[in-house]
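As a plain string of letters, each chain reads:
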Amino acid sequence: MAHDDHSGTDIAAASSDAHDPLVSPGTALVVADPFENPGFPPHRPRVTDTNPQREKRAQRTVTVLFYLSILGSVWAIAAYMLFPIETNDMASVRTNNLLIGLGATLALLAVGFGVVHWGKALMADVELVDERHAVGGTEKSRVAAAQIFADANRESGFSRRTMIRRSLFGALIAFPLPAVVLFRGFAPQDKDPVHLLNHTMWKKGTRLTLDPSGAPIKAADVTLGSAVHVIPEGLAEMTEGKLEEKAKAAVLLMRLEPSALNELPERKDWSYSGIVAYSKICTHVGCPVALYEQQTHHLLCPCHQSQFDVANHCEVIFGPAKRPLPQLPITVDDEGYLVAQSDFHEPVGPSFWERSA
Amino acid sequence: MSTATTESATSTTSAAVGTTDTQKRSFTASAALYLNERTSLAGFIKELGRKAFPDHWSFLLGEVALFSFMVVLITGTFLTFFFQASMAPTHYSGPYVPLKGVEMSVAMSSTLNISFEVRGGLFVRQMHHWAALLFVAAIGLHMLRVFFTGAFRKPRELNWTVGFTLFILAMAEGFTGYSLPDDLLSGNGLRIIDGLIKGIPLVGTWISFLLFGGEFPGTAIVGRLYTLHILLLPALVVALIAIHLVFVVVHKHTQYAGPGKSPGNAVGPPILPIYAAKAGGFFFIVFGVLALIASLFTINPIWNYGPYDPSPVSAGTQPDWYIGFADGALRLIPPGWEFQWLDRTWSFNIIVPLVALGIFIILAMIYPFLEAWITGDKREHHIADRPRNAPTRTAIGAAGVTFYAGLWAAASSDILATHFSLTMEGVIHTLQAITVLGPFAAYFITKRVCLALQKKDREIALHGFESGRIVALPGGEFIEVHKQLDEYERWRLISFESYTPLMVRPDVRGRISTRQRIRGVLSRWFFEDRIAPVTKAELESAKHDHH
């Protein structure tokens, strides 16, 4: 650094615009005969400088603003006391918010405008001119700094004693590693995310129940054209891990005309007289696919607008999602309630690296 | 403008603080003396107190950012006294009737408590949210100002990267804060983050698993985000703001070209008293405006959304505005960008937006170094450019803004569709075109506009402006008299840096390195179309033409 060829300052004294010729201007056009800076234009006094009445008025304005600010503070405190929040009265929340807020607003704005007006109208209207100096400082201090490093290097033998230096680097690289390992504890030690992602609460015989009440659903009660939000039996009563299970097991149940359903041959018996159940969790990034268009049998994800065609085994017809929504095979039990035939045959929800078809 | 030197201030300071005689001093003088003898503050005041601070409305944008951050800190501290970052389930028992008895997390119920039971709590909460929105917006505008005026050039390149990091941290602060109430909207936001992370090759599944402390949503995430939101991120933001401002002191502020101003000076009102008064007053104005907005306008009414549940969602879900560009990027991916390969899932519908945004951010971050390399200019620059005088840079900036705007608009694609009765597909396809092709159009148009404006400037500098005075000549001809600029006005038009394309020449060994070749190509791209600045000779001959 100390041996920089471009010694001296990057910027010449304030009197001229000329750059130091030793510093490369690159491809900048350097005009041999530049225009001369005309210098500062003549000072124009403000109206408060020339008219004592206007000066007085500005002074009054500033004072009034500061008193207004005090008034605003008092107002806010008074509003706090006079307009409490009454139980079960939402209008009182609004009043409390509005009146405390407006008082605080007055307190703040008045002091702000007052100080700025004072600065602009009354404080001496001067502009100063500071000289700029090269940010790199003087050659002398650069040399001195380089010398300090050179001395430190000589005295410590940092460059010379390569064995010490390299082992130190090794130690410094190694010492944070245990901290990295500690981060494994962020999630339960004995669990594997891939395994968890592959399974949901659904299994053979699990009844389909209403979200959120948990009441079982009779096939006969699902009317044509309806869409029902479904959770597995037992989820509603869970106290631990309820949302984690729900985030995987949420299902949308729809009844279509059986003739409108274009079912895959291997899934022929996954529906029950036009009733189909699909995972509600979008295969894009996992939002609930909650909007059902009855006429077109399309499902729309409100987050990123992926659209799925229920009639066509929930294939993606538009949007960033790639995979169809996984289908839950269903049937009815002896009492006529809808039940799952098994768990989903593939992981539900967003794609993940270890997911294999 | 009357100009004084910095010297005048020193005498009074030393008189007040430095005297040791026993004559009676005022209380202020004694206090100042006491303090100085324990802190050496006088030297600091002497150094900084009368610094000239260049003045321009566009320099306020950074101040808005700083001041709204201060408001965020003040209001946020108040909120921490009430908020409980726990995902433990509870049944709501507060005064808001529609949610009575509803199962929710303690985080959500304590947020409702702040809103509905703590007097002024809703006011502070809304001010916190509005101030956070303004904070990010002000940083964005401040960055645009710095970019378009070239205020990132030597010696300020590093400060640009510090500021850019602050921009990213501000968005992280915003997102972590947004997620804390554990309401339906923020929970869906986290769900999207979870899906996004899971789509990252190799490490995604495990990162998500560790972040959420098990399966999504788990019971850990709110507490963890809270630690980030009130400890780690604010500490980083405060530290980087300090560095940012120290840099401003070291470099001194840039200034626009003007008569008397030169690269070698800094012209403006002194820090004490005028700058301090204006900036101090401005802090209260920003604070006051935020208070006004918070008292009049609802933000994030979580009581309408309800607690997080993975099953319901409301139509028209949207993130806070500054996350929109990322959400929009996800929406614009065409169908089918996901593949099975090597028995693994490659989610390009997630990888592509992440990589594209990453490249965008990196390009913006390294732009100052890139431009410095292309121009090869090693001088310090303290005069802010007028955007028109750097046409290619301005055009690149416009392209970047257009790209961002396309992504951002896409985050509202569904709202655009329903609001204007358009098809979802039509909106997405249009925005895809805008995001991909728009930057090129913006680049081209902006560059031409800049060059045209430069031409106009040149014209005015040489031949003056139309005075509106029509004169009939004896021969019957009418002409409009052009009035010459005075020298101060002209100086603003003609004092700017101009660059020429690099002539690539062989080095001493007679070879042209690839590096030089690339630099030559980029330099031609930047500077081939240029309007030459007015020269003295041209001005002289133009004057003769008119007389």
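Quick notes on the rules
Residues numbered from 1 in each chain as written. Chains lettered and ligands numbered in written order. Predicted model: local features only at pLDDT ≥ 70, side-chain atom pairs only at ≥ 80, totals over all residues. UniProt positions renumbered as here; feature names shortened; annotations may be inferred. Helix = DSSP H or I, 4+ residues; strand = E, 2+ residues; numbered from the N terminus. Pairing = 2+ DSSP bridges. Axes fitted to C-alpha atoms, helices over the stretch in contact; angles between N-to-C directions. Buried ≥ 20, exposed ≤ 12 C-beta atoms within 10 Å, placed from the backbone. Contact = placed C-beta atoms within 7 Å. Core = buried A, V, L, I, M, F, W, Y, C linked by C-beta atoms within 7 Å. Expected span 1.5 Å × (residues − 1). Nonpolar A, V, L, I, M, F, W, Y, C, P; charged D, E, K, R; others polar. Domains from an automatic or database assignment. Parallel < 35°, antiparallel > 145°, perpendicular 65-115°, else oblique. Left-handed = near helix turned anticlockwise from the far one by under 90°. pLDDT = per-residue confidence, 0-100.

As recorded by an unreviewed UniProt entry, chain B carries the name Cytochrome bc1 complex cytochrome b subunit and is attributed to Candidatus Lumbricidiphila eiseniae. Of the comments in the UniProt record for chain B, the one headed Catalytic activity (unreviewed entry) reads "a quinol + 2 Fe(III)-[cytochrome c](out) = a quinone + 2 Fe(II)-[cytochrome c](out) + 2 H(+)(out)". Among the UniProt annotations of chain B, the heading Cofactor (unreviewed entry) holds the following wording: "heme".

The name an unreviewed UniProt entry assigns to chain A is Cytochrome bc1 complex Rieske iron-sulfur subunit, from the organism Candidatus Lumbricidiphila eiseniae. As stated in UniProt under Sequence similarities (unreviewed entry), the record for chain A gives "Belongs to the Rieske iron-sulfur protein family."

A few words now on the UniProt feature "domain: Rieske" (unreviewed entry) in chain A. Per the UniProt record, "domain: Rieske" (unreviewed entry) is found at residues 248-339 of chain A. Taken end to end, residues 248-339 of chain A has its terminal C-alpha atoms 17 Å apart, with 2% of it in helix and 33% in strand.

All right, on to the sheet that holds strand β8 (residues 307-309) of chain A then. Residues and elements named next belong to chain A. Judged by pairing direction, the sheet is antiparallel, and its four strands sit side by side in the order β6-β7-β8-β9 without closing on themselves. The strands lining the two open edges of the sheet, one partner per strand, are β6 (291-293) and β9 (315-318). Neighbour to neighbour, the strand axes of the sheet diverge by 30° on average, direction disregarded.

Moving on, we get to the UniProt feature "domain: Cytochrome b/b6 N-terminal region profile" (unreviewed entry) in chain B. The positions that UniProt labels "domain: Cytochrome b/b6 N-terminal region profile" (unreviewed entry) are, in the present scheme, residues 31-257 of chain B. Spanning residues 31-257 of chain B, this segment combines 68% helix with 4% strand, and its end C-alpha atoms are found 42 Å apart.

So, about the environment of Ile-460 of chain B. All names here are of chain B. Along the chain, Ile-460 turns up in helix α17 (residues 424-463). For Ile-460, a count of 18 C-beta atoms within 10 Å translates into the label partly exposed. Placed 236 residues apart in sequence, Ile-460 and Arg-224 show a C-alpha to C-alpha distance of 61 Å. If sequence neighbours within four positions are ignored, Ile-460 has contacts with Phe-465, Leu-485 and Leu-493.

Bringing the pairing of strand β5 (residues 275-279) of chain A into the picture now. Residues and elements named next belong to chain A. The element β5 is extensively covered by neighbouring structure, given that five of its five residues are classed as buried. Relative to β5, strand β4 (residues 251-255) is paired through five bridges, and the arrangement is antiparallel. Opposite Leu-253, over in β5, you have Ala-277 as the bridge partner. With two bridges connecting them, β5 and strand β10 (residues 327-328) associate as antiparallel partners. Across the sheet, residue Ala-277 finds its bridge partner in β10, namely Leu-328.

Now for the UniProt feature "transmembrane region" (unreviewed entry) in chain A. Residue and element names in this part refer to chain A. Here the UniProt-annotated "transmembrane region" (unreviewed entry) positions come out as residues 64-83, 98-118 and 168-187. Along residues 64-83 the backbone is 95% helical and 0% strand, and the end-to-end C-alpha distance reaches 27 Å. Helix makes up 65% of residues 168-187 and strand 0%, whereas the separation of the span's terminal C-alpha atoms amounts to 33 Å.

Let us now look at the nonpolar core. Within the largest apolar cluster, 170 residues are counted, with the highest numbers of intra-cluster contacts made by Leu-208, Val-251 and Leu-253 of chain A together with Phe-135 and Leu-290 of chain B. If you tally residues by element for this core, the top one is helix α6 (residues 121-148) of chain B, at 17 residues. Among residues more than four places away in sequence, those in contact with Val-251 of chain A are Leu-208, Val-230, Ala-277, Tyr-278, Ser-279, Lys-280 and Leu-328 of chain A. If you look at the next biggest cluster of nonpolar residues, it comprises six residues, including Leu-128 and Val-129 of chain A together with Ala-266 and Val-267 of chain B.

All names here are of chain B. Here helix α2 (residues 27-39) is 13 residues long and its end C-alpha atoms lie 18 Å apart, about the 18 Å a rise of 1.5 Å per residue gives. Counting buried positions over the 13 residues of α2 gives zero, only a small fraction of the element. At the exit of α2 stands Ser-40, carrying a positive phi of roughly 60°.

Residue and element names in this part refer to chain B. You can see Arg-469 is positioned in strand β9 (residues 465-472). For Arg-469, a count of 10 C-beta atoms within 10 Å translates into the label exposed. Sequence-wise, Arg-469 and Ile-200 are 269 residues apart; in three dimensions their C-alpha atoms are separated by 69 Å. Those residues in contact with Arg-469, other than ones at most four positions away along the chain, are Glu-480 and Val-481.

By a widespread convention, an interface's size corresponds to the accessible area lost as its parts come together. Facing the 113 residues of chain B at the interface are 98 residues of chain A. The element contributing the most residues to the side of chain B that touches chain A is helix α11 (residues 271-296) of chain B, with 15 residues. Residue composition of the side of chain B that touches chain A, by class: 51 nonpolar, 39 polar and 23 charged. Pairing analysis gives four bridges linking strand β1 (residues 126-131) of chain A to strand β5 (residues 265-268) of chain B, with the strands arranged antiparallel. Opposite Leu-128 of chain A, over in β5 of chain B, you have Gly-268 of chain B as the bridge partner.

Right, let's get into the environment of Leu-245 of chain B. Within the secondary structure, Leu-245 of chain B sits in helix α10 (residues 221-251). Accessibility expressed as a C-beta count within 10 Å gives 14 for Leu-245 of chain B, which makes it partly exposed.

What follows is about the sheet that holds β5 of chain A. Residues and elements named next belong to chain A. Across the sheet, five strands lie side by side as β2-β3-β4-β5-β10; this open sheet has antiparallel pairing. Two strands in the sheet have a free side with no partner beyond their single neighbour: β2 (208-210) and β10. Bridge analysis of strand β3 (residues 227-232) against β4 gives four bridges, and the strand direction is antiparallel. Bridge pairing in β4 links Val-228 to Leu-253.

Residue and element names in this part refer to chain B. Sites flagged by UniProt as "transmembrane region" (unreviewed entry) map to residues 64-83, 129-148, 160-180, 226-250, 282-303, 346-370, 390-411 and 426-446. Helix makes up 92% of residues 346-370 and strand 4%, with an end-to-end C-alpha separation of 33 Å. Annotated as 100% helix and 0% strand, the span residues 426-446 places its first and last C-alpha atoms 27 Å apart.

This next bit is on unusual backbone geometry. Residue Pro-212 of chain A is bonded to the preceding Asp-211 of chain A through a cis peptide linkage, with omega at 5°. Residue position: Pro-212 of chain A is located in the loop between β2 and β3. Cis geometry marks the peptide bond from Lys-154 of chain B to Pro-155 of chain B; its omega dihedral reads 5°. Considering the arrangement of structural elements, one finds Pro-155 of chain B in the loop between α6 and α7 (157-179). Positive phi is not limited to glycine here, since Leu-342 of chain B has a value of about 55°. Within the secondary structure, Leu-342 of chain B is located in the loop between β6 (339-341) and β7 (344-346). Taking the number of C-beta atoms within 10 Å as the measure of exposure, Leu-342 of chain B has 7 and is therefore exposed. Even without glycine at this site, Asp-343 of chain B takes up a positive phi of about 60°. Within the secondary structure, Asp-343 of chain B is located in the loop between β6 and β7.

Time to look at the domain arrangement of chain A. Per the domain assignment, the segments making up chain A are domain 1 (47-122) and domain 2 (196-340). The centre of domain 1 of chain A, based on its C-alpha atoms, is set 58 Å off from the matching centre of domain 2 of chain A.

All names here are of chain B. Viewed as axis vectors pointing N to C, helix α15 (residues 391-410) and α17 meet at an angle of 155°, and their least axial separation amounts to 7 Å. Considered as vectors, α15 and α17 are oriented roughly antiparallel to each other. Helix-helix and strand crossings are classified by hand; for α15 and α17 the assignment is right-handed. Classifying every residue of the contact of α15 with α17 by side-chain character gives 16 nonpolar, seven polar and one charged.

Low pLDDT means the predicted coordinates in that region are not meant to be read closely. Residues and elements named next belong to chain B. Of all residues in chain B, 95% attain a pLDDT of 70 or more, and the chain-wide mean is 92. Between residues 1-19, whose pLDDT stays under 50, and residues either more than four places distant or in other chains, the model counts 26 contacts. The ipTM assigned to the predicted complex is 0.91, against a pTM of 0.92.

Another aspect to go through is the packing of helix α2 (residues 52-82) of chain A against helix α3 (residues 90-122) of chain A. Residues and elements named next belong to chain A. Running from N to C, α2 and α3 cross one another at 160°; their axes reach a closest spacing of 7 Å. When the axes of α2 and α3 are compared, the pair comes out roughly antiparallel. Remark: the crossing between α2 and α3 carries left-handed chirality. Among the residues making up the contact of α2 with α3, the classes are represented as 21 nonpolar, eight polar and one charged.

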